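# What the coordinates show
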Amino acid sequence: MTNDLPTGPAPEPVPHSGGPDELAALTAPRRLTVDDPMFTHPERLGTFRLQLFTAPGARPVAVAIQIAGEEGMGLANAAERYAGAVWERHCSDQDLPPVWVECQILPEEPLQEARFQRVVFAGTEGYLPRRPRWSLITLEQLQDLVGAPVATDRGTGYVPRPVLPQPLLEFEEFPVVRLGRPRPFREPGCMPAGISWWRRWARQILPRRGARTCCWYHGGDWHTVNTMALQVLKQARARSVDPQDMTNLAVDHATATGATDWQTQALTSLFSIANAIQPGSQSSYINGQHRAQAMLDAGVRRTVALHYVHRT
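These numbers were taken from a predicted model, which means no experiment stands behind them.

Rules behind the numbers
- Residues numbered from 1 in each chain as written.
- Predicted model: local features only at pLDDT ≥ 70, side-chain atom pairs only at ≥ 80, totals over all residues.
- Heavy atoms only, no water.
- Buried < 20%, exposed > 50% of the residue type's maximum accessible area, 1.4 Å probe, protein only.
- Helix = DSSP H or I, 4+ residues; strand = E, 2+ residues; numbered from the N terminus.
- Pairing = 2+ DSSP bridges.
- Right-handed = clockwise from strand over helix to strand, strands pointing away.
- Core = buried A, V, L, I, M, F, W, Y, C linked by side-chain atoms within 4.5 Å.
- Contact = heavy atoms within 4.5 Å.
- 1 Å grid on protein atoms, 1.4 Å probe; cavity = no way out; pocket = protein on both sides within 12 Å on 5 of 7 lines; lining within 4 Å.
- Points joined across faces, edges and corners; volume = space filled by probe spheres on them.
- Nonpolar A, V, L, I, M, F, W, Y, C, P; charged D, E, K, R; others polar.

## Section: the pairing of strand 3 (residues 58–67)
Along a regular strand, successive side chains alternate from one face of the sheet to the other. Across the ten residues that make up strand 3, a large majority, nine, are buried. Turn length for the strand 2 (residues 47–55)-strand 3 hairpin, with the two strands adjacent in sequence and antiparallel, is two residues, and the turn residue Gly57 shows positive phi of about 80°. Crossover strand 3 to strand 4 (residues 99–105) through helix 2 (residues 79–90) is right-handed.

## Description of the nonpolar core
One finds Phe171, Trp222, Leu267, Leu270 and Phe271 to be the most contacted residues of the largest nonpolar core, which totals 37 residues. Within the residue set of this core, elements represented by two or more residues are strand 7 (168–175), helix 5 (222–239), helix 6 (246–256), helix 7 (261–270), helix 8 (289–298) and strand 10 (302–309). When residues of this core are assigned to their parent elements, the largest contribution, seven residues, is made by helix 5. Setting aside chain neighbours within four positions, we find Leu267 in contact with Val225, Met228, Ala229, Val232, Ala250 and Ala254.

## What about the environment of Ile205?
Summarising the element assignment, Ile205 is placed in helix 4 (residues 197–205). Ile205 sits 94 residues away from Gly299 along the chain, and the two C-alpha atoms are 7.5 Å apart.

## Details of the layout of surface pockets
Of the pockets and cavities examined, the largest pocket occupies roughly 240 Å³. The wall of the largest pocket is formed by His41, Pro42, Glu43, Arg81, Gly84, Ala85, Glu88, Arg89, Tyr127 and Leu128. Looking at which element gives the most residues to the lining of the largest pocket, the answer is helix 2, with five residues. Its residues assigned to classes, the lining of the largest pocket comprises four nonpolar, two polar and four charged.

See below:
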């Protein structure tokens, strides 16, 4: 619902100074009205402990505490969205967001060394604060600000979210004809608008070999390179080579077979974690569309692609 959003221009935020004068102006005896160890953003970005201190006529103060490394977005990365969610849910009658203080607990540090940071926002759009700036605030200053004790831990009701299994990197043999349509942003002369489906099938029947002088991507024989790539992939599987070490294996194979400089560079690019051909969702590319275009132009049938594999 938007009918109860603040109307008119966004209110002027408090100054960015964060100094003692500003804190003194905001200081008031408040009481703890919300202590939620599992405050959850509506979009389920993450959870944190929310302590909300309020008093009639005083601006609410929200203290958000989270353990570093929790599942979901951290306090710093989602400060605007987290503060906006608290504002809308617990103090929607206020013209300004609550005074926002956050603490990211490092597991290796004692809890008594928890460090708090005040976040000042330079504007708002509806219930979404904008342009945050951080400054340190001590626990003593914070407790003086709210006029009440402030907890420094995650709370007894904290339930860690289950850790999702991390995807594994894996190189796989992949049919070139199934790669999405490339939309190269460089080399417009020889890669104007990808390659149509009928052309890619025609090239499978009548492949092209050899090099062209238009660009690096067309500068060698991708048929030879991909034959080598499939050999490297077979060796890697036989030896259980880690995906992070595939580039070294590719270089060794290129050296042993007397590959040219271009072939070596092209081969290692297929096994580089940073540069490998990586198909994305909905026929898109995370990486590799220029090389995919050159392979489709040449009629290469099979290549090596990088995938993230979820294992249970």
